[in-house]
Amino acid sequence: MSEVLDPRLEMRANYRHSLLIPTRLSDIDVYQHVNNVQYYAYFDTLVNDYMIRFGGLDMVNDKIIGLLVESGCRFHKSLNYPETIEGCLRTVKLGNSSARHEIALFRANDPHPAATGHFVHVFVERGVQKPVPIPAKIRAALEKLLV
């Protein structure tokens, strides 16, 4: 079971990495705010961008890949278009073959997150899909985010 993050206690300084992500017109739903499924796309963009840029992840050619095995999101405030949000990331658990990331999405000039959530990746051999140790370069990058 995942921990519930209290948005009143979460702030940008609690996270080790951030990425600016612009919302898109296609993210908006009939209720005129960002649709809930898009929050997961922002989470995915944030985590994978970090592992590609700082961990050397090659999603197409690597023999070891990270599979998402668990995710969660709590919605606190609506996001809209157009706006640029700040996705913030930290690693809270780093095992032999798995990592748990916590994520917060902040609106500009808002000290409290619009959404908080988590991803759990298990690293596996491509095709075989059996857990293997996290590749050294990715592990080193994730250790920098560990809190």
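Please read all numbers here as calculations on a predicted model, not as lab measurements. Note that residues are indexed from 1 along each chain, following the sequence as it is written. In keeping with the predicted nature of the model, local features appear solely for residues at pLDDT of at least 70, side-chain atom pairs appear and are counted solely at 80 or more, and the whole-chain, interface and lining totals rest on all residues. Side-chain numbers come from the whole structure's heavy atoms, not from hydrogens or water.

**Considerations on the overall build of the protein chain**
So the rule is basically this: Only DSSP runs of H or I reaching four residues or more are called helices, and only runs of E reaching two or more are called strands; each is numbered from the N terminus. Atoms counted for the radius of gyration: C-alpha only. Globule rule: 2.2 Å times the number of residues to the power 0.38. Note on classification: 1.4 Å probe, protein chains only; a residue is buried when its accessible area is under 20% of the maximum for its type, exposed when over 50%, partly exposed between these limits. Contacts are residue-level and defined by heavy atoms, with any inter-residue pair within 4.5 Å sufficient. Only the protein chains shown count as cover for residues, and all accessible areas are computed by the Shrake-Rupley method using a 1.4 Å probe.
Assigned secondary structure in the protein chain consists of two helices and five strands. Counting from the amino terminus, the protein chain carries its helices and strands in the arrangement β-α-β-β-β-β-α. Against the globule reference of 15 Å for 147 residues, the protein chain gives a C-alpha radius of gyration of 15 Å, in line with a compact fold. Along the first, second and third principal axes, the C-alpha set of the protein chain runs to 40 × 30 × 30 Å. A burial count over the protein chain gives 42% of its 147 residues as buried. Within the protein chain, contacts between residues at least 6 apart in sequence are counted, and of these 74% link residues at least 24 apart. Accessible surface for the protein chain amounts to roughly 8,100 Å². Of this, 54% is attributable to carbon and sulfur atoms.

**Details of a nonpolar patch on the surface**
How we decide: Residues with no salt bridge and a relative accessible area higher than 30% make up the patches, which join like charges within 9 Å and nonpolar side chains (Val, Leu, Ile, Met, Phe, Trp, Tyr) within 5 Å. Any carboxyl oxygen of Asp or Glu that lies within 4 Å of a side-chain nitrogen of Lys or Arg is treated as forming a salt bridge with it.
Taken together, the side chains of Ile 52, Met 59 and Val 60 define a hydrophobic patch exposed on the protein surface, amounting to about 290 Å² of accessible area. Structurally, Ile 52 is set in helix H1 (residues 36-55).

**Remarks on the pattern of salt bridges**
Counted according to the given criterion, the structure contains nine salt bridges. Of the charged contacts, one joins Glu 10 and Arg 90 as a salt bridge, the two residues approaching to 3.1 Å between their closest N and O atoms. Here Glu 10, found in the segment before strand E1 (17-22), pairs with Arg 90, found in strand E3 (residues 84-94); they are 80 residues apart in sequence, far enough to count as distant. Classification of Arg 90 by relative accessible area gives buried; the value is 7%. One salt bridge connects Glu 86 with Arg 12, and the closest N-O pair in it is separated by 2.6 Å. Of this pair, Glu 86 sits in strand E3 while Arg 12 sits in the segment before E1, and the two are 74 residues apart along the sequence. When its relative accessible area of 18% is taken as the criterion, Glu 86 is described as buried. With relative accessibility at 27%, the residue Arg 12 sits in the partly exposed group. When salt bridges that share partners are traced, they join Glu 10, Glu 70, Arg 90, Arg 100 and Glu 102 into one network.

Coordinates in, geometry out; function isn't part of it.
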